[in-house]
Amino acid sequence: PVSERSTHKAQGQAVSNYFRRLDLPFHIYSLRHAWAIRNIGYGFPDTTSAITMGHSVEVHIKTYQCWLEDRDMTAVFDRLMTNRPLAPSK
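Since we're looking at a predicted model, the values are computed, not measured. (Residues numbered from 1 in each chain as written. Predicted model: local features only at pLDDT ≥ 70, side-chain atom pairs only at ≥ 80, totals over all residues. Heavy atoms only, no water.)

Running from N to C, helix α2 (residues 28-42) and helix α4 (residues 57-64) point in directions that differ by 100°, and their axes come no closer than 11 Å. Relative to α4, the element α2 is oriented roughly perpendicular. Contacts from R32, H33, A36, I37 and I40 of α2 reach α4 at H60, T63 and Y64. (Axes fitted to C-alpha atoms, helices over the stretch in contact; angles between N-to-C directions. Helix = DSSP H or I, 4+ residues; strand = E, 2+ residues; numbered from the N terminus. Parallel < 35°, antiparallel > 145°, perpendicular 65-115°, else oblique. Contact = heavy atoms within 4.5 Å.)

Where helix α3 (residues 46-53) contacts α4, the two axes come as close as 8 Å, and the packing angle between them is 95°. The orientation of α3 relative to α4 falls into the category roughly perpendicular. Counting all contacts with α3, which are made through D46, T47, S49, A50 and M53, the residues of α4 involved are V57, H60, I61 and Y64.

Limitation: the analysis is restricted to geometry and does not speak to function.
Dropping the structure here:
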């Protein structure tokens, strides 16, 4: 039986080969990494992003959060603070 892991690897290789034949100036995993980083910037929960990308939350955090820059973190913080519920006044 073919494992899910080898199936994902084969799919990734097939898409990479297709991108290479098209002579695109980037690799398929560049798109994957960009999407993962944007998910963080959009405020998607790590769990949701990890599931949609087919890996664990631990792998997601270890792999992608190291790519965030201060400006990304500031933008997420500012967005969350702008849309937060306000404390009762009395």
